[in-house]
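Single-letter residue listing:
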Amino acid sequence: MNGIIEEVEMDQWRRTHFSSEIRSCSENDTVIVMGWVSSIRDHGNLHFIQVKDRIGETQVVAKKGDCPDSVLEQIQSLKEHSSLAVKGRVRLQQKSPTGAEIVPVELKVFSNARNAAPFMLQGKRSSIGLDIRLDLRAVDLRRNILQSIFRIRHTLLSSIREFLAKEGFLEVNTPKMIATATEGGAALFPIFYYDREAFLAQSPQLYKEQLTMSFENVYEIGPIFRAEPSRTNRHLSEAISIDTEMAFADYSDAMQLLERLIFHVLDSIRKNNNDELNSSEIVLPNIKIPLPRYSYDQILESLMESDENVRYGDDISPQALKLIASKLNLNSFYFITDWPASIKPFYVKPNSKFEAKSESFDLMFGPLEISSGSTRINRKLELVERMRKQGLNIQKFDYHLKVFDYGIPPHAGFGVGLERFLMSITGLENIRDASLYPRDIDRLAP
Ligand code: ATP
Ligand code: MG
C-alpha cells in the first residue's frame with residue numbers, strides 16, 4: 001500500500017518518554033513517543049524510522065513478524081516530516097547510538113507530510129539556496145544545524161540576563177513606536193500613528209540614557225528597526241539588540257563589562273550546549289580577558305602602511321576591515337577604540353583632551369562589527385552643540401533634552417547585535433540564519 005495514512009486525534013494518548021529517555025527504560029517497557037519523522041530507511045521487510053522530538057531522536061524498528069501487520073502497512077506509506085505517536089516496546093541495543101530502540105505496537109499519525117521538503121535535514125550546510133529555505137522556514141528550522149543555533153541562542157540570552165542581573169542591571173523595555181529619530185539618520189521606517197507620522201525605533205538609545213537617572217544600570221533586549229537598503233550578509237531590517245546603559249561609568253568601564261559578558265556567555269554555552277556544539281561541529285572562540293584593544297589611529301596607520309586608500313576621520317570600510325583582520329591576524333573578538341567624534345552619533349562624548357576623538361569603541365569579530373559603545377555626553381549645552389553640528393532639529397528632541405536639567409549622571413553603554421553575536425560564535429556566514437524569520441529589503445514573509 002502506498003497511500004495517505006489516516007490522520008487521527010491524540011485522544012487519551014500522551015507522551016510517556018522523550019526520545020533520549022528510552023535508553024533508561026527496561027527491556028520490554030511500553031512507551032509512547034511523540035514527534036515527527038526525520039528519516040525512513042526501507043529494507044523490504046525491515047523498516048528503520050527516526051522519530052525526532054524537541055530533546056533528540058530515537059529509532060523505531062519495524063520487522064515483519066515482530067509487529068502487527070497493520071503497523072507495517074502504515075509504515076510503508078509513512079513520509080518524512082509527518083507528525084506522529086509511536087506506542088511500542090523498548091529493546092535495549094548496545095550497538096545503537098541511542099542505546100535502545102522501539103518495536104512499534106501501534107501508530108497514530110496526526111498529520112501526514114504532503115510534500116517532500118526541498119532540503120536535507122542532516123548535514124551542516126545546505127546546498128539549497130537560502131531563499132528556498134526561508135520560504136519554508138518553520139520546516140527549515142527542523143534541520144539539525146539550525147536546531148543547534150537556536151538552542152545556543154537560548155543559552156546566550158539566558159546567560160546574558162543572568163550576568164547582567166548579577167551586575168545590578170535592571171531589565172527594561174522602551175517604546176518601539178517613536179516620534180523622532182534616535183540618531184537623526186535616514187534609515188527609519190515611518191508608520192501611521194493615529195493621525196500622525198511616527199517611526200519604528202532604530203535603537204533604545206535615548207530612553208536607556210534617560211533611565212540611568214532613575215535606575216542607574218539598565219539593559220534591554222528588544223527589536224531595532226533599520227531601513228537598510230543594501231543587501232549584505234550582516235544587515236537585517238529588524239534585528240534584536242542587547243542594549244546596556246550604566247551610570248557613573250565611562251567607556252572603559254563599558255568595555256570591561258562587555259568583555260566579561262562575552263566570557264560569561266561563551267562559558268555558559270560550553271557548559272549547556274555540549275551536544276549541539278559536537279553534533280553541529282561548532283567550535284567556539286577561545287578568548288582571554290582583556291580583549292585586544294586597537295585605537296582607530298593604530299588601525300589607520302596599519303592600513304596606510306598597506307597602501308590602503310584611507311583618510312583620518314573616515315569610517316573604516318568593510319574591505320579595509322577585512323584587510324586589517326587578515327593583516328593583524330584578528331580572527332576573534334577585539335576592540336577598536338577612540339573613533340573620530342565626527343563619525344559617531346551626537347550623544348557620543350568627545351575626548352576632553354582631544355576634541356576630534358571620542359570616548360568610543362566598536363567590538364569586532366574579525367572584520368564584523370558586533371557592538372558599538374561609548375561614554376555619553378551628559379551636559380545639555382554640549383549635547384545641543386553636537387546636535388547642531390550634525391544638522392539635527394533640536395526642537396524635535398525637546399522631550400529628551402529637558403531631562404538633562406535634572407541631574408543626569410555621567411553614563412556609558414553599548415548595544416550588541418544579537419544576530420551578529422550569534423553569527424560570530426557559531427560561524428554562520430549569513431545573518432539571516434541567525435534570525436528565525438529574517439526581514440530584509442526583499443523579504444516581509446513568512
Ligand atoms: P553597521 O556599520 O555594521 O551598519 P552600525 O554601526 O550602523 O552597524 P550601530 O548603530 O552601532 O550599528 O548598532 C549597534 C549594533 O547593532 C551593531 O554593532 C550591530 O551589531 C547591530 N546592528 C546594527 N544595525 C544592524 C542591522 N541592520 N542588522 C543587524 N544588526 C545590526
Ligand atoms: Mg556601530
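Owing to the predicted nature of the structure, the values given are computational and were not obtained by experimental measurement. (Residues numbered from 1 in each chain as written. Chains lettered and ligands numbered in written order. Predicted model: local features only at pLDDT ≥ 70, side-chain atom pairs only at ≥ 80, totals over all residues. Heavy atoms only, no water.)

A. Expanded view of the coordination of the magnesium ion (ligand 2). Note on the magnesium ion (ligand 2): its protein donors are Glu369 (OE) and Ser372 (OG). The metal-donor distances range over 2.2 Å. The partly exposed category is assigned to Ser372, whose relative accessible area is 27%. (Donors = N, O, S within 2.8 Å, 3.2 Å for Na, K, Ca; no water. Buried < 20%, exposed > 50% of the residue type's maximum accessible area, 1.4 Å probe, protein only.)

B. The pairing of strand 13 (residues 333–337), seen in detail. Of all the 5 residues making up strand 13, 5 are buried; the element is thus mostly covered by neighbouring parts of the structure. Going residue by residue along strand 13, you find Phe333, Phe335 and Thr337 tucked away on one face and Tyr334 and Ile336 tucked away on the opposite face as well. (Helix = DSSP H or I, 4+ residues; strand = E, 2+ residues; numbered from the N terminus.)

C. Structural view of the sheet that holds strand 5 (residues 100–111). Sheet architecture is closed into a barrel: 5 strands sit in the order 1-2-3-5-4, paired in mixed fashion. Across the sheet, the axes of successive neighbouring strands diverge by a mean angle of 55 degrees, strand direction being ignored. Judged from the 7 bridges that link them, strand 1 (residues 30–42) and strand 4 (residues 83–92) form a sheet pairing that is antiparallel. Following the sheet pairing, Trp36 is matched in strand 4 by Ser83. Its contacts with the sheet put helix 1 (residues 69–77) on strand 2 (46–52), strand 3 (57–63) and strand 5, and the angle it makes with strand 5 is roughly 70 degrees. (Pairing = 2+ DSSP bridges. Axes fitted to C-alpha atoms, helices over the stretch in contact; angles between N-to-C directions. Contact = heavy atoms within 4.5 Å.)

D. Summary view of the side chain of Lys52. Counting through the fold element by element, Lys52 comes out in strand 2. In this structure the side chain of Lys52 is engaged in a polar contact, spanning 2.3 Å, whose partner is the side chain of Asn144. Beyond its immediate sequence surroundings of up to four residues, Lys52 is in contact with Met34, Gly35, Trp36, Ser38, Glu57, Arg142 and Asn144. (Polar contact = N/O pair within 3.5 Å; in protein donor to acceptor, adjacent residues only side chain to side chain.)

E. Quick look at unusual backbone geometry. Here Ile289 and Pro290 are connected by a cis peptide whose omega angle stands at 0 degrees. Mapped onto the fold, Pro290 is located in the loop between helix 7 (274–279) and strand 12 (293–295). Omega for the peptide link from Ala445 to Pro446 comes to 0 degrees, which places this bond in the cis form. Inspection of the secondary structure assignment puts Pro446 in the segment after helix 12 (418–426). Its identity is not glycine, yet Glu216 carries a phi of approximately 65 degrees, on the positive side. Even without being glycine, Glu281 reaches a positive phi, approximately 50 degrees. Within the secondary structure, Glu281 sits in the loop between helix 7 and strand 12.

F. Here's a closer look at the domain arrangement of the chain. Segmentation of the chain into domains returns domain 1 (19–111) and domain 2 (138–434). Every contact between the two is made by 4 residues of domain 1 and, on the other side, 4 residues of domain 2. In this assembly, domain 1 packs against domain 2 so that about 440 Å² is buried in total across both faces, 40% of it on carbon and sulfur atoms. Area buried by domain 1 at its contact with domain 2 is led by Trp36, Lys52 and His81, which between them contribute 76% of it. Linking domain 1 with domain 2 are 0 salt bridges, by the criterion used here. (Domains from an automatic or database assignment. Buried area = accessible area lost by both parts, 1.4 Å probe. Salt bridge = Lys/Arg side-chain N within 4 Å of Asp/Glu carboxyl O.)

G. Geometry of the nonpolar core. Ranked by size, the top nonpolar core spans 53 residues in total, and within it Leu156, Ile160, Ile262, Phe333 and Phe421 carry the most contacts. When neighbours within four sequence positions are excluded, Leu156 is seen to be in contact with Ile242, Val265, Ile269, Leu418, Phe421, Leu422 and Ile425. Counting residues in each nonpolar core, the second largest holds 22 residues, with Ile5, Ile49, Val51 and Leu84 among its members. (Core = buried A, V, L, I, M, F, W, Y, C linked by side-chain atoms within 4.5 Å.)

H. Representation of the sheet that holds strand 11 (residues 238–247). Taken together, the 8 strands give an open sheet; going across it, the order is 6-10-11-16-15-14-13-12, and neighbouring strands pair in mixed fashion. Two strands bound the open sheet, and with one partner strand each, they are strand 6 (170–171) and strand 12. Examined bridge by bridge, strand 13 and strand 14 (residues 360–365) share 5 bridges and lie antiparallel to one another. Paired with Thr337 across the bridge in strand 14 is Phe361.

I. The arrangement of the packing of aromatic side chains in detail. Overall, the coordinates contain 9 aromatic pairs when judged by the stated rule. Relative to Tyr194, the ring of Tyr193 has its centre 4.8 Å away and its plane inclined at 75 degrees; by these criteria the two rings are edge-to-face. The exposure class assigned to Tyr193 is partly exposed, which follows from its relative accessible area of 29%. Its relative accessible area of 71% is what places Tyr194 among the exposed residues. An aromatic cluster is defined as three or more aromatic residues linked by ring pairs; in this entry it consists of Phe333, Phe365 and Phe421. (Phe/Tyr/Trp six-rings, centres within 6.5 Å; stacked < 30°, edge-to-face > 60°.)

J. Structural detail: the environment of Ala247. In this fold, Ala247 is placed in strand 11. When the C-alpha atoms of Ala247 and Met213 are compared, they prove to be 7.7 Å apart, with 34 residues separating the residues in sequence. Among residues more than four places away in sequence, those in contact with Ala247 are Thr212, Glu216, Asn217, Pro409, Pro410 and His411.

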